[in-house]
Each structure stands twice: as C-alpha cells, then as structure tokens.
Amino acid sequence: MDIWTKLKSRQDAIKDRPILALFEGTDRAENFSAQLGDMLFDYSKTNIDADTRSDLLHLAEDAGVAEKRDAMFAGAQINATEGRAVLHTALRNLDGDPVMVDGVDVMPAILDTLGRMGKFANQIRESDITDVVNIGIGGSDLGPAMAVQALGPYHDGPRCHFVSNVDGAHIADTLRELDAKTTLVIVASKTFTTIETMTNARTARAWMIDHGGDPKTQFAALSTADEKTADFGIDPDQVFGFEDWVGGRYSVWGPIGLSVMLAIGPRGFNAFLRGGQAMDIHFRAAKPIENLPMMLALVGIWHNQICGYTSRAVLPYDERLGQLPNYLQQLEMESNGKSVQMDGTDTPRDTGPVVWGAAGTNGQHAFYQLIHQGTRVIPAEFLIAANGHEADLAHHHSLLIANCLAQSEALMQGRHLDEARRIMAAKGLSGDELERQARHRVFPGNRPSTTLAYPLLDPFTLGQIIALYEHRVFVEGVILGINSYDQWGVELGKELATSLQPIVDGDQSADSKDPSTAALVSFIHKHRA
Ligand code: F6P
C-alpha cells in the first residue's frame, strides 16, 4: 500500500473520532506542537495522532523535501518551467554567506542593493516627503501593503499608500488626498510591463507634473528590468534592481519592500529580514517533527489532500494582520494552484486549497457561523500575540486572546444535543418545541484548527511568520510534485484582456468572440456614455 493510500485508509478509520479524546492521559498539547524560540505552533486540536504524523513525515521524506530544500537554498533551478533558481531566501541572508547562481556569488549584489535602499530610505525619511505611493500589483503590492499595516506601531516614516487596481477609482481616490510636491511615487514591478502598474504609473506621472511635483526626483522604481525603468525616465540612482530568481509573491524581502523600509526605517527592515532568516535557519536545521514549516505543511496536506477539506481559513487575531489572508491567497494559491506535475503529467490528487480569512474578532460576526455549523469542515488557522502594542488598552487584548482561544475550543468541543436540550429546558421550553429549538443550537464540534502564538507582532516576528508560510508552500508543493514557482495560469486572461481592449473601445468588432462575450460587449457599448 502506498503512503497516500495508507493515510487515506487511516483517515477513513478515524474520521469520527473526537479530537478531544486524543488528549486523555497524554501530553498532547506539548507533543503536538513545535516551537522556534518564542514562537509556538500548536496543532494538537487536529485529528492527527502519532501514527498519522509518522506517515505524514514519511510522505515528506519520500517526496525528497529535505533534498529539494537544500537544492533551493543552493541555487538549483528548481523552477524548472521557467528555468530559474528560487532564491528569495538570499535576500535575507544577511550574514552574506555565498549563494551561487551559475557559478557567481549573488550575495555582494544583494547586500549592495540593500545598502543603497537604506541610504535612499534615510534620505527620503529626512526630507520633506510626507507621502509615498507604491504602485504595483500582486506580489509587488500585497507583501509591502500587508507588512506596512502589520508594523503600524513601528511606522515613523512618511505615510504609505498602495495603488494596485487598474480601476481608475483606486489611483484617483489615493492621489486626491496628496500633495504632488511632497509625494514619492514608487513604481514596483518585477517585469515593468504589467498593464495595471504601467497604466497607474503613467497616470501618477501626469498628475505629478500637473500639480507641481518633479517626477525626475520623486519617482523610484523597483524592478528586474533596468532598461524599461530607464525608458520610463526613472533616474538610475533611484532604481533598485533584483534578479528573476526572486518570484513576485516572494519579493517583499528585497527592493519590493522599499515602502516597508521607508515606513519603519532600515533598522526595522533589517529586523524583519532577520526574522525571515531565523526561520530559514530553523527550516534547514530542525528535525522534521520539530520543524514549523514542515509540520504546518503536513497539517495542510492532511486536511486538504487526505481529509478532503477544500479550503482553509487564516484567522489572525490581530487587526494589523488584516491583510495577511489576502497576502497568503496569492502566496499559496498562485504557488500551489496547479494541475500538472513537474514531469508534465496530470496530478493524481487535488492541489492547493482555497485560502481565505479575515482578522478576528470581526470574522466571528460575519462568517464563523458557517465554520461552526455549516455542512463543510473548514480547518482554521489562528494567529495570536500574547501582547498588543496598546499598553493602556491591555483589557482589549485580553478579550482578543480570550476570543481567539474560545473559537478553537468551541470548534473542537462543539455542543451536544443533550446540552442544547438542557439549555432550552432552562429557558422554559418543553416537548416538540424544545426538541426543535435544541437542534438548532447543536455544534457538531470535532472541527480542526491550529494556533500560531508569539509574544508580540514586531518586525522580527512578522519576518518569521511570512517565511514560515513561504516554506509551508514549498513543502506542500514538493509533496504534491508540482512547481510552486511559476504562474502560467494568469497568462490567458492577460492575453484575452489585451485582445478585448480594442473591442471594448469600439475599434474592432466583437465577431471573433463567443456569443456571451459579444453580447456583454454590446450591452456595455449600449450603456457606455
Ligand atoms: O499576474 C501575476 C503576476 O505575474 C504575479 O505573479 C506578480 O506578483 C504580479 O503579476 C505583478 O507582476 P510585476 O511585479 O511584474 O508587475
């Protein structure tokens, strides 16, 4: 029996077993958690037992996770469909140990760019610039936008704004509030060809010229495409480059993180990188069973591929991590939303799950109903800091923690019909009405969750968290036999949008389009002013 089949039959046998029962007479809370320094990953509230975990670890071993991890860190071309190495980890390799790509050590150039970014950031932070507008999309937006919000308490630089959508509303609403003379515009695009970003960049440049700013000094670019940034007219001194072996959704650690550095300063950014580096060191050195990315990934594989739960909810109990679910959507779904294995054959099983979520406690008053009582099981991934930054509002933080812990407890314990009946009887109900009302108050329970806990969301910790999720994607991708580092699935829509633009503008007929698309174009034409 292969290991996948073994895990599946194990799951069939235990699927109705109460998670709570697994704690009886054991140190499960300790044994089914892993720690890195002050960071705790608790997966004890899942149906994984010691045998299951050992099978999952074998799965990782069989898939060659350790060898492939070492190959990634060593600069091998593990992104085979694009012929590229995958080396975002080099961006946080602050001690500068050599990292070789095609026989060349890439570290001197990385550290040089980091130094230039630091000088530029200090110069801007000491200047009259009051606002920074980062224009980018996908990985050139989600990472820095998420990190700037997450690190609000450390933000002592200019205000940061993020424009991503090609919808003119986004840039119009952003620029309306700003003074062109004191705004720095950062054009963040790995390729410097992305239609949304280039359209917004041109609009921002026209706005700056019209409102008395100077694009020569007030524009910077973050890109792998030097020539294109020069064609756009950006001063090479204000261009911060990186190489194509940094994937867009893995790029916040380098130049794409410039807005984060402007917000919190080079020293804070350094701490963020150190956090990522600490997770790298742990991922490379820790035994699989003690390895946070490994165990987070194996819990993911268990829930998604073995138990068949098709989505996972990321639930940070931290208002400032409100954008983490959006960020992880790209990181996980663009990376592992694939149907073809490395060798070109179809995958024999489902790949990446739907990733979604929102900050607690808000989500509790929106979608948690379905997580608790809906017909589908949705594994929940909670994140919580022991401390908030608002020392004078510690009672808020106590409530936040209590709510976070209460949710995972409620998901696991549920509420049995007998208890619901007792509650209804205490309210004075009886007979059929008691029975009917009680059934609505039953919580099935036995719903899995994990919790990532840490002392405080500071730059170092945020770096650890992001690197943890990156490596989780890597491990899951290796086990699934897919390439987590390409994104061909976004191309077709881009091509069709290009072909549709002249049709939408009325310069070409819609005859080449399918009847539905042609009818929608005709509706738009009829109603477009
Ligand atoms: O369309 C997907 C994508 O290629 C992402 O992978 C990337 O993060 C985003 O577009 C933006 O790309 P760029 O940084 O080249 O503008």
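Everything numeric in this text was worked out from a predicted model, so none of it was measured.

Draft legend 1. Structural view of the pattern of salt bridges. Within the structure shown, the criterion is met by 30 salt bridges. One salt bridge connects D49 with R17, and the closest N-O pair in it is separated by 2.8 Å. Linking D49 in the loop between β2 (39–42) and α3 (50–63) with R17 in the loop between α1 (3–14) and α2 (28–31), this pair joins segments that are 32 residues apart in sequence. Overall, the relative accessible area of 21% leaves R17 in the partly exposed class. Between E435 and R421 there is a salt bridge; the shortest N-O distance is 2.8 Å. In this pair, E435 sits in helix α17 (residues 431–440) while R421 sits in helix α16 (residues 417–426), placing the two residues 14 residues apart along the sequence. The class for E435 is partly exposed, based on a relative accessible area of 27%. Residue R421 is classed as partly exposed on the basis of its relative accessible area, which comes to 28%. Connected via shared salt-bridge partners are R312, E332, E381, R472 and E476.

Draft legend 2. Representation of the packing of aromatic side chains in the model. Counted by the stated rule, this structure contains 13 aromatic pairs. Where F283 meets F474, the ring centres are 6.1 Å apart and the plane angle is 85°; that geometry is what we call edge-to-face. You can see F283 sitting in helix α11 (residues 258–285) and its partner F474 sitting in helix α18 (residues 459–480), a full 191 residues away along the chain. Each of the two residues, F283 as well as F474, counts as buried. A cation over a ring is seen here: R205 above F232, with NZ or CZ 4.0 Å from the ring centre. Over the ring of W4 we find R349, and its NZ or CZ is 3.6 Å from the ring centre.

Draft legend 3. Region of the structure containing the sheet that holds strand β6 (residues 159–163). If you walk across this open sheet you meet the five strands as β6-β5-β7-β8-β9, and the pairing is parallel. Looking at which strands have only one partner, the edges of the open sheet turn out to be β6 and β9 (239–241). Direction aside, the axes of adjacent strands within the sheet are offset by 20° on average. The strands that helix α8 (residues 195–210) touches are β5 (131–135), β6, β7 (183–188) and β8 (219–223); relative to β7, the one it contacts most, it runs at about 160°.

Draft legend 4. Spatial organisation of a negative patch on the surface. A cluster of acidic residues, D226, E227, D231 and E243, forms a negative patch on the protein surface. Among the secondary structure elements, E243 is positioned in the loop between β9 and α11. Taking relative accessible area as the criterion, E243 reaches 45% and is therefore assigned partly exposed.

Draft legend 5. Spotlight on the domain arrangement of the protein chain. You can read the domains of the protein chain as domain 1 (88–271) and domain 2 (491–527). With centres defined by C-alpha atoms, the gap from domain 1 to domain 2 works out at 34 Å.

Draft legend 6. Structural view of the pairing of β6. The buried fraction of β6 amounts to four of the five residues, a majority that puts the element mostly inside the structure. Sheet topology places β5 next to β6; five bridges connect them, and they run parallel. Each bridged residue has a counterpart across the sheet, and for I135 the counterpart in β6 is V163. For the handedness criterion, the β-α-β arrangement of β5, helix α6 (residues 142–150) and β6 is classed as right-handed.

Draft legend 7. Focus on the side chain of T351. Summarising the element assignment, T351 is placed in the loop between α13 (324–336) and β11 (354–357). Within the structure, the side chain of T351 is placed 3.3 Å from the backbone oxygen of N336, a separation counted as a polar contact. Engagement of the side chain of T351 in a polar contact is seen with the backbone oxygen of K338, the distance being 2.7 Å. Setting aside anything within four residues of it in sequence, one finds T351 in contact with N304, Q305, N336, G337, K338, L480 and I482.

Draft legend 8. Expanded view of the layout of surface pockets. By volume, the largest pocket is sized at about 1200 Å³. Going through the elements one at a time, α8, α13 and α19 (491–504) are the ones with two or more residues in the lining of the largest pocket. Considering every element that reaches the lining of the largest pocket, the biggest residue donor is α19, with five residues. Taken together, the residues of the lining of the largest pocket sort by class into 13 nonpolar, 17 polar and nine charged. A domain-level breakdown of the lining of the largest pocket finds at least three residues from each of domain 1 (88–271) and domain 2 (491–527).

Draft legend 9. Geometry of the site of the ligand. Near the ligand you find 14 residues, and of these S140, S189, T191, T194 and E334 are the closest. Within the side chain of Q330, one N or O atom sits 3.2 Å away from an oxygen atom of the ligand. Contact with the protein chains removes 88% of the 390 Å² of surface that the ligand exposes when unbound. For the ligand, the cavity whose grid points lie within 2 Å of the majority of its atoms is the largest pocket.

Draft legend 10. Looking closely at the pairing of β2. For strand β1 (residues 33–36) and β2, the ladder comprises four bridges, and the chain directions are antiparallel. Paired with L36 across the strands is M39, a residue of β2. Counting the residues that bridge the hairpin from β1 to β2 gives two residues, and of these G37 lies at a positive phi of roughly 55°. In this sheet, strand β13 (residues 449–454) lies alongside β2 in antiparallel orientation, the contact comprising three bridges.

Draft legend 11. Focus on the sheet that holds β2. A sheet is described by the order of its strands in space; here six strands give the open sequence β1-β2-β13-β12-β10-β11, paired in mixed fashion. On the outer flanks of this sheet lie β1 and β11, each paired with one strand and no other. If you compare each strand with its neighbour and ignore which way they point, the axes differ by 15° on average. Helix α12 (residues 292–306) contacts β1, β2, β10 (311–317), β12 (380–385) and β13 of the sheet and is inclined by roughly 25° relative to β2. Contacts from α13 reach β10, β11 and β12 within the one sheet, and its direction differs from that of β11 by about 175°.

Calculation notes
- Residues numbered from 1 in each chain as written.
- Predicted model: local features only at pLDDT ≥ 70, side-chain atom pairs only at ≥ 80, totals over all residues.
- Heavy atoms only, no water.
- Salt bridge = Lys/Arg side-chain N within 4 Å of Asp/Glu carboxyl O.
- Helix = DSSP H or I, 4+ residues; strand = E, 2+ residues; numbered from the N terminus.
- Buried < 20%, exposed > 50% of the residue type's maximum accessible area, 1.4 Å probe, protein only.
- Phe/Tyr/Trp six-rings, centres within 6.5 Å; stacked < 30°, edge-to-face > 60°.
- Lys NZ or Arg CZ within 6 Å of the ring centre and 35° of its normal.
- Pairing = 2+ DSSP bridges.
- Axes fitted to C-alpha atoms, helices over the stretch in contact; angles between N-to-C directions.
- Contact = heavy atoms within 4.5 Å.
- Patch = residues over 30% accessible without salt bridge, like charges linked within 9 Å, V, L, I, M, F, W, Y side chains within 5 Å.
- Areas by Shrake-Rupley, 256 points an atom, 1.4 Å probe, with all protein chains shown as cover.
- Lys, Arg positive; Asp, Glu negative; His and termini not counted.
- Charge placed at Lys NZ, Arg CZ, Asp CG, Glu CD.
- Domains from an automatic or database assignment.
- Right-handed = clockwise from strand over helix to strand, strands pointing away.
- Polar contact = N/O pair within 3.5 Å; in protein donor to acceptor, adjacent residues only side chain to side chain.
- 1 Å grid on protein atoms, 1.4 Å probe; cavity = no way out; pocket = protein on both sides within 12 Å on 5 of 7 lines; lining within 4 Å.
- Points joined across faces, edges and corners; volume = space filled by probe spheres on them.
- Nonpolar A, V, L, I, M, F, W, Y, C, P; charged D, E, K, R; others polar.
- Near = heavy atom within 4 Å.
- Sits in = over half its atoms within 2 Å of the grid points.

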